[in-house]
Every structure is written in structure tokens, then in C-alpha cells.
Amino acid sequence: MTLKQLSPHVWLFPFEKGENITQPNIGIITDGDHTILIDAGNGAPHAERIKTAVSEQGFAPVSQIIYTHNHWDHVFGAHCFDVPIIANQRTVPFLERQQTIPWGEPFLRDRWENIPRMRHQVMEMLTCAGDWSQFSIKMPTLVFDNQYDLTLPNVHLECRYVGGIHAIDSIVVEVKNEGVVFVADSYYPPPIYEQEPGEEELLDLDIIRDFLTPDADIYVDGHNKPFSTRQMQYLIRFQEMKQQSKGKDLREEIGECRV
Ligand SMILES: [Zn+2]
């Protein structure tokens, strides 16, 4: 896998989509002896590919990880790295719950049979997770409430809590002075297995407006190619128009008052 350079100290291990594969974008911040990952990958095979790419690029081994939120495809690779992990404090209870789950094929087969709405996720986990005997949920070693600033010799990262409908523990990470913001899944609709009817295309516009900044022009979300500011603004306008036209449909459906 070839890493993509986004700015002087920021690289991307790009997302991959495929049948039963959900592999998010992984940010790689490198500065001398430090290599920081933004998210840990969806399982051991992904984590090993990230490690290889980091070493082939000549970067220092991964020294820290930042979780953007608690979802499995962003945290299940973490057990392959023996390094400190930074996360929002709201991520902790979700991971504590995940630690009590007997992860492995028998558990997932059971989930497949008994919780139909989770079948897609189960298939993805089975495809991506690798060797369950080595698997564990890694807890953060440093947590923060609203904001945490991480300063390296030449790089300043600002981790900021945003919450939202996709995951209430979502954060965004802005690489100051390099014009890059990692926004992960923060503005997405809720995950499929939590969606109510009509929520599948619901984007959290307030979160997008919140993380847009004149200091950045590269926004890296969880599962797409990076967006420019212009593309993000287009996304807001497009979503607003869709919401307005839905309102119109509803009025047409209700019909005119007969009295
Ligand atoms: Zn997510």
C-alpha cells in the first residue's frame, strides 16, 4: 500500500471499500522520532499493513494512537501496537462494554443468527478481524473532555470533541498550520444497525459547519477520499436542498385543506 502525502508531516493510509470490507482512512502524522496514527485500523491484518507501510516509508515506528470514536473498524487494530492511546472520555464506557464481549467466531455466529440487523457488520468483522485468539480491546491511556493539544517538535495537533448522531464520542483532529483536519465519521448518519427509517442519508450539518475552518483545505473523513473546503460546502448545500425538497414532498402528500 502506498501512503499518500497530504502535507509536510501528514500522510494517509487510504480507505478501502469492498464486499464485506469496511476499512477506514488512517492518518499518519510523522515528525522525527514520533509517528502518530489517527485510528488503529479494523483488525490485525489492517494494522500489520499500516506497520509495513510506515516502515517502508522510513518513518519511526508508531509511537501513539488517537481514537476518533469507539466503532470497531477504527479501534480493532489497536492490540497490534503496544503504544499509548489518546481518546475522548466518552469513548471509555463503549470500550469497557466491548471488553466484556467474548469476541470470536462463535460469538459472531450467534449474533448473526439472533440479531438480523447486525448481519452486515458481522460479515465485515469476520472478513477483517484476522486471528481472534490474539485479539483484545485496547483502552485509552489518556482521555480528555473537550479539547486536547498534542505538540511535537514541528507539529501541533488539536483533538476536539464534537459528538453527533453517528457516535456520541466523536472527535476531530486538526493538524495546525498544515491545513488538514481528520473528521472521521463525525458527520455521518447513525450506523446502519442503529438507523431509524429515513435516517440513512442524514448528515450532521452542524458538525460540518463546526469543523470547517479557514485554516484548512483538506478534510479527511472515515470512508471517502479527502474533501476540499469547497466540496464540504457543496455537501452542506446539497443536503439542505434535499431536506427542503423532502419538506415539499410531504406538503404535496398531505394535500390541500378541504375546508
Ligand atoms: Zn463510525
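Everything numeric in this text was worked out from a predicted model, so none of it was measured. (Residues numbered from 1 in each chain as written. Predicted model: local features only at pLDDT ≥ 70, side-chain atom pairs only at ≥ 80, totals over all residues.)

Regarding its fold elements, the protein presents 7 helices and 14 strands. Here the C-alpha atoms of the protein give a radius of gyration of 19 Å, agreeing with the 18 Å that 2.2 N^0.38 yields for 259 residues. Its C-alpha atoms give the protein principal-axis dimensions of about 75 × 50 × 35 Å. With 259 residues in all, the protein has 36% of them scored as buried. Within the protein, contacts between residues separated by at least 24 positions form 59% of all contacts whose residues are at least 6 apart in sequence. (Helix = DSSP H or I, 4+ residues; strand = E, 2+ residues; numbered from the N terminus. Rg over C-alpha atoms; globule rule 2.2 N^0.38 Å. Buried ≥ 20, exposed ≤ 12 C-beta atoms within 10 Å, placed from the backbone. Contact = placed C-beta atoms within 7 Å.)

Glancing now at the nonpolar core. By size, the foremost hydrophobic cluster in this structure holds 54 residues, and its most contacted members are Ile 28, Leu 37, Ile 65, Ile 66, Val 173, Phe 182 and Val 183. No other element matches strand S13 (residues 180-184), which puts 5 residues into this core. Contacts of Ile 28, omitting those with residues within four sequence positions, involve Leu 3, Trp 11, Leu 12, Phe 13, Thr 35, Leu 37 and Val 54. (Core = buried A, V, L, I, M, F, W, Y, C linked by C-beta atoms within 7 Å.)

Our next topic: the sheet that holds strand S11 (residues 156-161). The sheet built from 5 strands is open, its strands ordered S10-S11-S12-S13-S14 with mixed pairing. Where the open sheet ends on each side, the last strands, each with one partner, are strand S10 (147-151) and strand S14 (218-221). Strand-to-strand, the axes of this sheet are offset by a mean angle of 20°, without reference to chain direction. With 5 bridges joining them, S11 and strand S12 (residues 171-175) adopt antiparallel strand pairing. (Pairing = 2+ DSSP bridges. Axes fitted to C-alpha atoms, helices over the stretch in contact; angles between N-to-C directions.)

A word on the sheet that holds strand S6 (residues 34-38). Overall, mixed pairing links the 7 strands, which are arranged S1-S2-S5-S6-S7-S8-S9 in an open sheet. Of all the strands in the sheet, just strand S1 (4-7) and strand S9 (142-144) have a single pairing partner and so form its edges. Across the sheet, the axes of successive neighbouring strands diverge by a mean angle of 25°, strand direction being ignored. Sheet analysis places S6 next to strand S7 (residues 64-66), joined by 3 bridges and oriented parallel. Within S7, the residue paired with Ile 36 across the bridge is Gln 64.

A word on helix H1 (residues 44-56). The first and last C-alpha atoms of H1 sit 18 Å apart over 13 residues, in line with the 18 Å expected at 1.5 Å per residue. Among the residues of H1, those classed as buried are His 46, Ala 47, Ile 50 and Val 54. Here the buried residues of H1 occupy an arc of 100° about the axis, which is enough to place them on one side. Turned more than 90 degrees from where H1 packs its buried face, Thr 52 and Glu 56 sit exposed. Where H1 ends, the next residue or the one after it, Gly 58, has phi of about 85°, a positive value. (Expected span 1.5 Å × (residues − 1). Arc of directions from axis to C-beta.)

What follows covers the environment of Tyr 161. Mapped onto the fold, Tyr 161 is located in strand S11. Sequence-wise, Tyr 161 and Asn 42 are 119 residues apart; in three dimensions their C-alpha atoms are separated by 22 Å. Sequence-distant contacts of Tyr 161, that is, excluding residues within four places in its chain, are made with Asn 88, Asp 145, Asn 146 and Ile 171.

Alternating residues of strand S2 (residues 10-13) divide into Val 10 and Leu 12 and Trp 11 and Phe 13, and every residue in both groups is buried. Bridge analysis of S1 against S2 gives 3 bridges, and the strand direction is antiparallel. Among the inter-strand pairings, Gln 5 is bridged to a residue of S2, identified as Trp 11.

Before going further, it helps to spend a moment on the pairing of S12. When you tally the buried positions in S12, you get 5 out of 5 residues, the bulk of the element. Taking every second residue as pointing to the same face, both faces of S12 are buried, with Ile 171, Val 173 and Val 175 on one and Val 172 and Glu 174 on the other. The sheet contact formed by S12 and S13 spans 3 bridges and is antiparallel. Looking at the pairing, Val 175 lines up with Val 180 of S13. What sits between S12 and S13 in their antiparallel hairpin is a turn of 4 residues, with Asn 177 showing a positive phi close to 65°.

Moving on to the environment of Ser 228. Among the structural elements, Ser 228 can be located in the loop between S14 and helix H7 (229-254). Using a count of 12 C-beta atoms within 10 Å as the deciding quantity, one classes Ser 228 as exposed. Note: C-alpha distance between Ser 228 and Pro 116 (112 residues apart in sequence) is 37 Å. Discounting residues that sit within four places of it in the chain, Ser 228 has contacts with Asp 217 and Ile 218.

Quick look at the packing of helix H4 (residues 105-114) against helix H5 (residues 119-128) now. At a minimum axis separation of 9 Å, H4 and H5 run at an interaxial angle of 160°. Compared by their axis directions, H4 and H5 come out roughly antiparallel. In this structure, the crossing between H4 and H5 has a hand that is left-handed. Of H5, the residues touching H4 (which contributes Glu 105, Leu 108, Arg 111 and Trp 112) are Arg 119, Val 122, Met 125 and Leu 126. (Parallel < 35°, antiparallel > 145°, perpendicular 65-115°, else oblique. Left-handed = near helix turned anticlockwise from the far one by under 90°.)

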